[in-house]
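Commentary on secondary and tertiary structure
Single-letter residue listing:
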Amino acid sequence: MKILIAGLGSIGRRHLRNLAALGQRDVLLYRTGKGTLRSDEFDAYETVTDWREAIARRPDAVVVSNPTSLHLDVAIPAAEAGCHLLLEKPISDSMERVDDLRRAIRQGGGRLLMGFQFRHHPTLRKVKDLVEMGELGQVLSARAYWGEYVADWHPWEDFRVSYAVRRDLGGGVLLTLCHPFDYLRWIFGEVASARGLVGYGLDLEVEAFAETSLQLESGLLASVHLNYLQRPATHHLEVVGEKGHLRWNGMTGDLEIRVASQDEWQRHPAPAGFERNEMFLAEMRHFLEVAAGSVSPICSLEDGVRVQELVEQIRTSAHLDDHAVAP
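Residues numbered from 1 in each chain as written. Predicted model: local features only at pLDDT ≥ 70, side-chain atom pairs only at ≥ 80, totals over all residues. Heavy atoms only, no water.

**Some words on the pattern of salt bridges**
Enumeration according to the criterion identifies 22 salt bridges in this entry. A salt bridge links Glu-302 to Arg-102; its shortest N-O distance comes to 2.9 Å. In this pair, Glu-302 sits in helix H9 (residues 301–317) while Arg-102 sits in helix H4 (residues 98–108), placing the two residues 200 residues apart along the sequence. Ionic pairing is found between Glu-309 and Arg-306, a salt bridge with its closest N-O pair at 3.0 Å. Of the two residues, Glu-309 and Arg-306 both sit in helix H9, three residues apart, roughly one turn of that helix. The class for Glu-309 is partly exposed, based on a relative accessible area of 29%. Residues participating in the shared-partner salt-bridge network are Arg-119, Asp-182, Arg-185, Glu-190, Asp-303, Arg-306 and Glu-309. (Salt bridge = Lys/Arg side-chain N within 4 Å of Asp/Glu carboxyl O. Helix = DSSP H or I, 4+ residues; strand = E, 2+ residues; numbered from the N terminus. Buried < 20%, exposed > 50% of the residue type's maximum accessible area, 1.4 Å probe, protein only.)

So, in structure tokens, the structure goes:
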């Protein structure tokens, strides 16, 4: 299988290393040359700088890992050419051209996996299992909280040039840290409505923190807090049900649950030696199976569309649009 990676920033490099770890050697790299990382890691791979040349090499699959606002510039023609896609989240910086992507996939016949890697986290999967088994009874509320200091993400560059903080590249905390919107849907079911407030910091032109609330079709109330400002980084999920309470720590991977009939917390630690890249490795392994036609995507294009729609609802309720600027 020939695999093209479009975009070789930190996530593209992670995918490249994981493909190598899984024994994939027929890998082609598409680069624009605008990255800030060293390129000696690519010496063993063929590299092209022209997109038309890249797609003319007829890759079987394409990993779309360029900046958010440029995703569909790659994904749509790749889908039209019949390529299978691993599309990094979010789909894009807006809903524009999403229908074009749907059409391209129908036309080309390829399969698409959205890159929401937390669906592959072992203890978050355990959360889903416990909820579905009714261990908490009827779930009443859920609270996801994720804060990280954005300047710590890429210490080799001035964070102000990163896609995560640039409006033209689709930055802002709502899109860049949108994983909780996906995993809350995945665990608890469809969201009926979403709204929120946003704020600014670090002299950024995009939102640096957000408080959002979700009303699920089941009646469950959920909230998501996101920020670019927090040290040390914190990521956790708390769930309250009629029969108990659950806490998941996204930084350590540990899970605790306490049901009302028991006096102690039941602890479900992350697997021994677990580290963050294992989610991405499992995601890539799954993508190769999707591309081979042996399984269906665990996270579909329509899952990605739903997250995009939720972010748009929140932006609208916060009066945040493409013309908004930080005060």
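Read on, since the account is not over.
**A closer look at the side chain of Arg-31**
Along the polypeptide, Arg-31 turns up in the loop between strand S2 (27–30) and strand S3 (46–48). Salt bridges are absent for the buried Arg-31, whose nearest opposite-charge side chain, Asp-43, sits at 7.9 Å. Excluding residues within four positions of it along the chain, Arg-31 makes contact with Leu-8, Ser-39, Phe-42, Thr-47, Val-48 and Thr-49. (Lys, Arg positive; Asp, Glu negative; His and termini not counted. Contact = heavy atoms within 4.5 Å.)

**Some thoughts on unusual backbone geometry**
Cis geometry is adopted by the peptide bond preceding Pro-90, which originates at Lys-89 and carries an omega value of -20°. With respect to the helices and strands, the residue Pro-90 is situated in the loop between strand S5 (84–88) and H4. Residue Pro-232 is reached from Arg-231 by a cis peptide bond, and omega for that bond is -10°. Checked against the element boundaries, Pro-232 lands in the loop between strand S10 (221–227) and strand S11 (234–241). Even without a glycine there, the phi angle at Arg-97 is positive, about 75°. Here Arg-97 is to be found in the loop between S5 and H4. The exposure class of Arg-97 is partly exposed, given its relative accessible area of 35%.

**Topic: helix H7 (residues 179–188)**
For H7, the buried fraction is high: 10 of the 10 residues fall into the buried class. Gly-189 sits one or two positions beyond H7 and adopts a positive phi of about 110°.

**Section: the confidence of the model for the protein**
On average, residues of the protein carry a pLDDT of 94, and 96% of them reach 70 or more. Below pLDDT 50 for its whole length, residues 322–327 participates in nine contacts with residues either more than four positions away or in separate chains. (pLDDT = per-residue confidence, 0-100.)

**Description of the sheet that holds strand S1 (residues 3–6)**
Spatial strand order, S3-S2-S1-S4-S5-S6: six strands in an open sheet with parallel pairing. With one partner strand each, in any of the chains shown, S3 and strand S6 (112–115) form the two edges of the open sheet. Pairwise comparison of adjacent strand axes, ignoring direction, gives a mean angle of 20° for this sheet. The pairing of S1 with strand S4 (residues 61–64) spans four bridges and is parallel. Directly across from Ile-5, in S4, lies its bridge partner Val-63. (Pairing = 2+ DSSP bridges. Axes fitted to C-alpha atoms, helices over the stretch in contact; angles between N-to-C directions.)

**Points about the packing of H7 against H9**
As a packed pair, H7 and H9 sit with axes 9 Å apart at the nearest point and diverge in direction by 120°. Comparing their axes, H9 and H7 come out oblique. The way H7 lies across H9 gives a crossing that is right-handed. Residue-level inspection shows Phe-181, Asp-182 and Arg-185 of H7 in contact with H9, the latter providing Asp-303, Arg-306, Val-307, Leu-310, Val-311 and Ile-314. For the contact of H7 with H9, the residue count by class is five nonpolar, no polar and four charged. (Parallel < 35°, antiparallel > 145°, perpendicular 65-115°, else oblique. Left-handed = near helix turned anticlockwise from the far one by under 90°. Nonpolar A, V, L, I, M, F, W, Y, C, P; charged D, E, K, R; others polar.)

**Thoughts on the sheet that holds S10**
Spatially, the eight strands line up as an open sheet ordered S8-S9-S10-S7-S11-S12-S13-S14, and their pairing is mixed. The open sheet has two free edges, formed respectively by strand S8 (191–199) and strand S14 (266–268), since each of these has just one partner strand. Direction aside, the axes of adjacent strands within the sheet are offset by 10° on average. In this sheet, S10 lies alongside strand S9 (residues 209–216) in antiparallel orientation, the contact comprising seven bridges. Bridge pairing links Phe-209 to Asn-227 in S10.

**Quick notes on H4**
Looking at H4, one finds that the buried residues are Val-98, Leu-101, Ala-104 and Ile-105. The buried residues of H4 occupy an angular sector of 115° when projected down its axis, which confines them to one face. Relative to its buried face, H4 has exposed residues pointing more than 90 degrees away, namely Asp-99, Arg-106 and Gln-107. Those residues of H4 that are buried are in contact with helix H3 (71–80), S5, S6 and H9. The first or second residue beyond H4 is Gly-109, which carries a positive phi of 85°. (Arc of directions from axis to C-beta.)

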